[in-house]
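# An overview of the molecular structure
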Amino acid sequence: DPDGVMPSASAEFAARRAQVVAATKRSFEHYKRHAWGSDELRPVSNATHNWTQPALGVTLIDAMSTLWVLGLRDEFAEAADHVAESFDPFEIAGGKFVDVFETTIRVLGGLVSAYSLSGDERLLDAAETFADALAPALSASPSGIPFRGLA
């Protein structure tokens with residue numbers, strides 16, 4: 001084989017890849033059915049858990065780059081449409097604590113990764129809006145070290 005891969009290894013890789021794609025697709029459908037737009041889905045109870053009110057959609061945003069890399073373009077488009085239509089970090093109310101580190105890596109990182117892979121400008125807009133919402137964690141800190149969270 002010119003690529004240095006034995007044919008049986010190639011077939012095994014393709015079978016494993018198909019299993020991963022199928023499992024991801026099933027998981028996405030389960031999330032859509034039980035927790036669409038929520039931050040988390042608890043797998044045993046099918047209950048949702050949100051870090052903020054309204055929810056940021058942390059799981060959805062965090063999964064977008066995986067959907068893209070696995071070629072699940074329809075699912076990615078559904079997620080991107082949801083972000084474009086419903087994501088507004090400035091509407092978060094209720095005084096719930098927002099962990100700056102977790103939301104930076106999962107939400108801001110997820111939005112930037114999804115934009116980088118897809119080129120969907122709506123995701124870059126959402127990332128910029130979210131970064132603006134997190135800015136007080138840096139700008140209000142007298143030491144310049146970000147606050148752990150915002151409420």
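Residues numbered from 1 in each chain as written. Predicted model: local features only at pLDDT ≥ 70, side-chain atom pairs only at ≥ 80, totals over all residues. Heavy atoms only, no water.

## Thoughts on the packing of aromatic side chains
Formally: Planes of paired rings set the category: under 30 degrees apart is stacked, over 60 is edge-to-face and the rest tilted, where pairs are Phe, Tyr or Trp rings (Trp by its six-membered ring) whose centres lie within 6.5 Å. Buried, partly exposed and exposed residues are distinguished by accessible area as a fraction of the type maximum, computed with a 1.4 Å probe on protein chains only: under 20%, between the cut-offs, and over 50%, respectively. Put simply, DSSP marks the helices as runs of H or I at least four residues long and the strands as runs of E at least two long, and each gets a number from the N terminus on.
In the structure shown here, the tally under the stated rule is four aromatic pairs. Measuring from centroid to centroid gives 5.0 Å for Trp 68 and Phe 76, while their planes differ by 70°, and the two rings are edge-to-face. Taking relative accessible area as the criterion, Phe 76 reaches 3% and is therefore assigned buried. Centre to centre, the rings of Phe 87 and Phe 130 are 5.9 Å apart; their planes meet at 50°, and the pair counts as tilted. With Phe 87 in the loop between helix H3 (73-86) and strand S3 (98-99) and Phe 130 in helix H5 (residues 121-134), the pair connects residues that are 43 residues apart, well separated along the chain.

## Details of unusual backbone geometry
Phi at Asn 46 is positive, roughly 60°, even though this residue is not glycine. Inspection of the secondary structure puts Asn 46 in the loop between strand S1 (40-42) and strand S2 (47-49). When its relative accessible area of 28% is taken as the criterion, Asn 46 is described as partly exposed.

## Comments concerning the packing of helix H4 (residues 100-118) against H5
Here is the rule: Comment: axis = line fitted to C-alpha atoms, over the contacting stretch for helices; angle = value between 0 and 180 degrees taken between N-to-C directions. Our angle categories are set so that under 35 degrees counts as roughly parallel, over 145 as roughly antiparallel, 65 to 115 as roughly perpendicular, and the remainder as oblique. Working rule for handedness: look at the near helix, and if it is turned counterclockwise from the far one by less than a right angle, call the crossing left-handed; if clockwise, right-handed. By definition in these notes, contact holds between two residues if any of their heavy atoms fall within 4.5 Å. For this scheme, ten residues count as nonpolar: Ala, Val, Leu, Ile, Met, Phe, Trp, Tyr, Cys and Pro. Four count as charged, namely Asp, Glu, Lys and Arg, and the remainder, Gly too, count as polar.
One can describe the packing of H4 onto H5 by two numbers: an axis separation of 8 Å at closest approach and a directional angle of 155°. Classified by the angle between their axes, H4 and H5 sit roughly antiparallel to one another. Of the two possible hands of crossing, H4 and H5 adopt the one that is left-handed. Contacts between H4 and H5 pair Thr 103, Thr 104, Val 107, Leu 108, Leu 111, Val 112, Ala 114, Tyr 115 and Ser 118 from the former with Glu 121, Leu 123, Leu 124, Ala 126, Ala 127, Phe 130, Ala 131 and Leu 134 from the latter. Along the lines of polarity and charge, the residues of the contact of H4 with H5 split into 13 nonpolar, three polar and one charged.

## Some remarks on the pattern of salt bridges
Selection rule: By definition, a salt bridge exists where a carboxyl oxygen of Asp or Glu is found within 4 Å of a side-chain nitrogen of Lys or Arg.
Taken as a whole and assessed by the stated rule, the structure comprises seven salt bridges. Note that Arg 106 and Asp 62 form a salt bridge whose closest N and O atoms lie 2.9 Å from each other. Residue Arg 106 is found in helix H4, and its partner Asp 62 is found in helix H2 (residues 58-69); the two are separated by 44 residues along the sequence. Between Asp 120 and Arg 122 there is a salt bridge; the shortest N-O distance is 2.8 Å. By relative accessible area, which is 17% here, Asp 120 ends up buried. Overall, the relative accessible area of 34% leaves Arg 122 in the partly exposed class.

## A closer look at the nonpolar core
Within soluble globular proteins, side chains that are nonpolar tend to cluster in buried spots. Short version of the rule: We call a set of buried residues a nonpolar core when its members are Ala, Val, Leu, Ile, Met, Phe, Trp, Tyr or Cys and they connect through side-chain atoms within 4.5 Å of each other.
Among the nonpolar cores identified, the biggest contains 28 residues, and Met 64, Val 83, Phe 87, Val 107, Leu 111, Leu 123 and Phe 130 are the most heavily contacted of them. Among the secondary structure elements, those contributing two or more residues to this core are helix H1 (7-35), H2, H3, H4 and H5. Leu 111 has contacts with Ile 61, Val 83, Phe 87, Leu 123, Ala 126, Ala 127 and Phe 130, leaving out every residue within four places of it along the chain.

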